[in-house]
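The primary structure of each chain is shown beneath.
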Amino acid sequence: MDYEQEIRKKYTFVVVQNAQEIIPDPLVRELFPKIMDLKTAGYRQEYGNFVLPFDSSDFIATHLLLCEKRPDGDLFPLLGMKSVTLKSCDEYRISFPMLSMLETPETKNEPAKEVIMKILDDHRGRGTPGKIAYNGSFTIRPELRKDEVLKRYLWELTFSMLTNYYISYEIDHVLAVCATRFKVDERKVALGWNYIKNGNGVMEEYKCRALFESPLIPMELVGVKEKSQSASARFKDLWDERLTLDSHTIAVRKKAA
């Protein structure tokens, strides 16, 4: 069995949408704390014990996970990220998560927030708040970083899952803040992402207060379907066979039972 076949046998994509709405489901109740554990383990490894890698948006966001299928049927998250649309944030009356991520140790970083707010308000004005999303909280189990071969495949799996999600749910504009010390921004540029511009050119790298002065840079992907064909085609079979946990699929499962 070659490496890719082994990946397809051992791992599965899992999508958890709006956990607070479906938390009565036993599988969601089992999986949601594992998502929090994954984030805590991954972020503390890089940012220290006092980092808090979740906020109110985690309860309404979509969590995209790569899980190991254990022999006992258990699903163990190995990597994950979250995505939340502007529409969901507005409906639940919470702040779009990227805004707090722009704050520096010294200031609220209002000029940077104004750039992002203009983008968000443009979508509100066009009636497309469901077409723009924040993508963040990307996390890998720390122990997996030691396996260089697996790590390369994990990046490919991540971008396949991410782009297939946005294409499937017709989200065409994605915002993020990217960690430059891990060269995440360079990987994203190669996949069609752009640095966000303000009146003076590209928005600069800054030190993020929430991540203990780690350097981040704002980025966006506009036109996901057109720019992400190669990334989405990779491991598309895993995406097609994903486990989705949302109100609709859980209701269908209950009805069938």
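Summarised in this report is the structure supplied together with it. (Residues numbered from 1 in each chain as written. Predicted model: local features only at pLDDT ≥ 70, side-chain atom pairs only at ≥ 80, totals over all residues. Heavy atoms only, no water.)

### Quick notes on the packing of aromatic side chains
So, point 1. The final tally for this structure, using the stated rule, is 8 aromatic pairs.
So, point 2. Note on Phe-32 and Phe-59: the rings are 5.8 Å apart at their centroids and 45 degrees apart in plane angle, and the pair reads as tilted. Of this pair, Phe-32 sits in helix α3 (residues 26–47) while Phe-59 is found in the loop between α3 and β2 (62–69), placing the two residues 27 residues apart along the sequence.
So, point 3. Judged by centre distance (5.9 Å) and plane angle (20 degrees), the rings of Trp-155 and Phe-159 are stacked. Placement of both Trp-155 and Phe-159 in helix α7 (residues 148–168) is noted, with a separation of 4 residues, approximately one turn of the helix.
So, point 4. Linked through ring pairs, Phe-138, Trp-155 and Phe-159 together constitute an aromatic cluster.
So, point 5. Sitting over the face of the ring of Phe-76, Arg-70 holds its NZ or CZ atom 4.2 Å from the ring centroid.
So, point 6. Cation over ring: Arg-152 sits above Tyr-153, and NZ or CZ is 4.6 Å from the ring centre. (Phe/Tyr/Trp six-rings, centres within 6.5 Å; stacked < 30°, edge-to-face > 60°. Helix = DSSP H or I, 4+ residues; strand = E, 2+ residues; numbered from the N terminus. Lys NZ or Arg CZ within 6 Å of the ring centre and 35° of its normal.)

### So, the side chain of Lys-39
So, point 1. With respect to the helices and strands, Lys-39 occurs in helix α3.
So, point 2. On the basis of relative accessibility, which here comes to 2%, the residue Lys-39 falls in the buried class.
So, point 3. Not counting residues up to four positions away in its chain, the partners in contact with Lys-39 are Pro-53, Phe-54, Asp-58, His-63, Lys-82, Ser-137 and Thr-139. (Buried < 20%, exposed > 50% of the residue type's maximum accessible area, 1.4 Å probe, protein only. Contact = heavy atoms within 4.5 Å.)

### Comments concerning the pairing of strand β5 (residues 173–179)
So, point 1. Summarising burial for β5: 7 of the 7 residues are buried, a large majority.
So, point 2. Here β5 shows no split at all, with His-173, Leu-175, Val-177 and Ala-179 on one side and Val-174, Ala-176 and Cys-178 on the other all buried.
So, point 3. Sheet analysis places strand β4 (residues 132–140) next to β5, joined by 3 bridges and oriented parallel. What sits directly across from Ala-133, in β5, is Val-174.
So, point 4. Handedness of the crossover is the feature at issue here: the chain leaves β4, passes through α7, returns alongside β5, and the resulting connection is right-handed.
So, point 5. One ladder, built from 7 bridges, connects β5 with strand β10 (residues 214–222); its direction is antiparallel. When the sheet's bridge partners are listed, Val-174 is paired in β10 with Leu-221. (Pairing = 2+ DSSP bridges. Right-handed = clockwise from strand over helix to strand, strands pointing away.)

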